[in-house]
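Coordinate inspection notes
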Amino acid sequence: MRKFLLLSGGFIAALVALALVGPLAGLLFSGLLVALGMHFYIASQSTFAKIIWVTVGLIGVLSAISNIPAMVGLAAIAIIYVIYKKWNGDSVEIPTIKAKEEEDPFTNFEKEWSNLTK
């Protein structure tokens, strides 16, 4: 029964992902425009070139906003990945951001102060 549910969920997610290939391609193109705009904005020296590349980047951002259905396609692809991992018996771990004590400047200061006073 578990394999059947995984198979049917994967099939539905694959159909959704295939139905949204167009918006996914548009989102990819929009991301390319944003990346090109940022890259050439940083590399350009003249003000006119900076204005042109900011305009290209803004066109990419607006195009990406109009491709919101592609987010559903990305979620479907992520679901397919999770189903594939579950099918093979692997565990799926979602990475989380954890605060570390070493990154706290006050903790580091106290450690360094205690080392200086020794």
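Keep in mind it's a predicted model, so treat the numbers as computed, not measured.

Here we look at the overall build of the chain
The helix and strand inventory of the chain stands at 5 helices and 0 strands. Taken from N to C terminus, the helices and strands of the chain fall in the order α-α-α-α-α. Compactness check: the chain gives a C-alpha radius of gyration of 23 Å against a globular reference of 13 Å for 118 residues, more than 25% above the reference. Dimensions of the chain along its principal axes, counting C-alpha atoms only, are 65 × 55 × 20 Å. Residues classed as buried in the chain amount to 18% of the 118 residues present. For the chain, long-range pairs separated by at least 24 residues make up 71% of all intrachain contacts whose partners lie at least 6 apart in sequence. Of the accessible surface of the chain, which amounts to about 9,400 Å², a share of 73% is contributed by carbon and sulfur atoms.

What to know about a nonpolar patch on the surface
The grouping of V61, L62, I65, I68, M71, L74 and I77 at the surface amounts to a nonpolar patch, some 660 Å² of accessible area in total. Counting only elements with at least two residues in the nonpolar patch, the list comes to α3 (47–66) and α4 (69–87).

Overview of the packing of helix α2 (residues 21–43) against α3
Following both chains from N to C, one finds α2 and α3 inclined at 160°, their axes separated by 8 Å at the closest point. The orientation of α2 with respect to α3, classified from their angle, is roughly antiparallel. Relative to α3, α2 is oriented so that their crossing is left-handed. Facing α2, whose interface residues are G26, L27, S30, L33, V34, L36, G37, F40 and Y41, α3 presents K50, W53, V54, V56, G57, I59, G60, V61, S63 and A64. Among the residues making up the contact of α2 with α3, the classes are represented as 12 nonpolar, 6 polar and 1 charged.

A closer look at the side chain of S44
You can see S44 is positioned in the loop between α2 and α3. Overall, S44 belongs to the buried group, its relative accessible area being 10%. From its side chain, S44 meets the backbone oxygen of Y41 in a polar contact 3.0 Å long. Leave out the neighbours within four places in its chain, and S44 touches A49, K50 and W53.

Overview of the packing of aromatic side chains
Under the counting rule described, the total for this entry stands at 1 aromatic pair. The aromatic ring of W87 is capped on one face by K3, whose charged end is 4.4 Å from the ring centroid. Geometry around Y41 places K50 over its ring, the cationic atom sitting 4.6 Å from the centre.

Points about the side chain of N67
Turning to its location among the elements, N67 is positioned in the loop between α3 and α4. With near-sequence residues (within four places) excluded, N67 lies in contact with P23, G26, L27 and S30.

A look at α4
With 19 residues, α4 ought to run about 27 Å at 1.5 Å a step, and its terminal C-alpha atoms sit 27 Å apart, in line with that. Within α4, burial applies to A70, G73, A76 and I83. One side of α4 carries all its buried residues, which in axial view fall inside an arc of 130°. Against the buried residues of α4 lie α1 (2–19) and α2. Count one or two residues on from α4 and you reach G89, which has phi positive near 85°.

A word on the environment of A75
When you line up the elements, A75 lands in helix α4. For A75, a relative accessible area of 38% puts it in the partly exposed group. In this structure, the C-alpha to C-alpha distance between A75 and A17, residues 58 residues apart in sequence, is 8.5 Å.

Conventions we followed
Numbering of residues starts from 1 in every chain and runs along the sequence as written. Local features in this predicted model are restricted to residues whose pLDDT is 70 or higher, and side-chain atom pairs enter the listing and the counts only when it is 80 or higher, whereas totals over whole chains, interfaces and linings include all residues. Remark: hydrogens and water are excluded; side-chain values derive from all non-hydrogen atoms of the structure. Helical segments are the DSSP runs of H or I of at least four residues, strand segments are the runs of E of at least two, and each set is numbered from the N terminus. Throughout, the radius of gyration refers to the C-alpha atoms, and the reference size of a globule is 2.2 Å times the residue count to the power 0.38. For every residue, the accessible area obtained with a 1.4 Å probe (protein chains only) is divided by the maximum for its type, and the residue is called buried under 20%, exposed over 50%, and partly exposed between those limits. Any two residues whose heavy atoms approach within 4.5 Å are treated as being in contact. Each accessible area is a Shrake-Rupley result for a 1.4 Å probe, and residues are judged covered by the shown protein chains and nothing else. To count toward a patch, a residue needs a relative accessible area over 30% and no salt bridge; like charges are then connected within 9 Å, while nonpolar side chains (Val, Leu, Ile, Met, Phe, Trp, Tyr) are connected within 5 Å. Salt bridges are defined by distance alone: a side-chain nitrogen of Lys or Arg within 4 Å of a carboxyl oxygen of Asp or Glu. With axes taken as lines fitted to C-alpha atoms, and helix axes fitted only over the stretch in contact, angles between N-to-C directions fall between 0 and 180 degrees. Here roughly perpendicular refers to angles of 65 to 115 degrees, roughly parallel to angles under 35, roughly antiparallel to angles over 145, and oblique to all remaining angles. Left-handed describes a crossing in which the near helix is turned anticlockwise from the far one by less than a right angle; the clockwise case is right-handed. Following the grouping adopted for this structure description, the nonpolar residues are Ala, Val, Leu, Ile, Met, Phe, Trp, Tyr, Cys and Pro, the charged ones are Asp, Glu, Lys and Arg, and the polar ones are all others, Gly among them. N or O atoms within 3.5 Å of each other form a polar contact, as long as, within protein, one can give a hydrogen and the other can take it, and as long as residues adjacent in sequence are counted only when both atoms are side-chain atoms. A pair of Phe, Tyr and Trp rings is counted when the ring centres sit within 6.5 Å of each other, with Trp represented by its six-membered ring. The angle between the planes then sorts it: under 30 degrees is stacked, over 60 is edge-to-face, the rest tilted. A ring has a charge above it when a Lys NZ or an Arg CZ is no more than 6 Å from the ring centre and no more than 35 degrees off the ring normal. A helix is expected to span 1.5 Å multiplied by its residue count minus one. Arc definition: it is the arc formed by the directions from the helix axis to the C-beta atoms.

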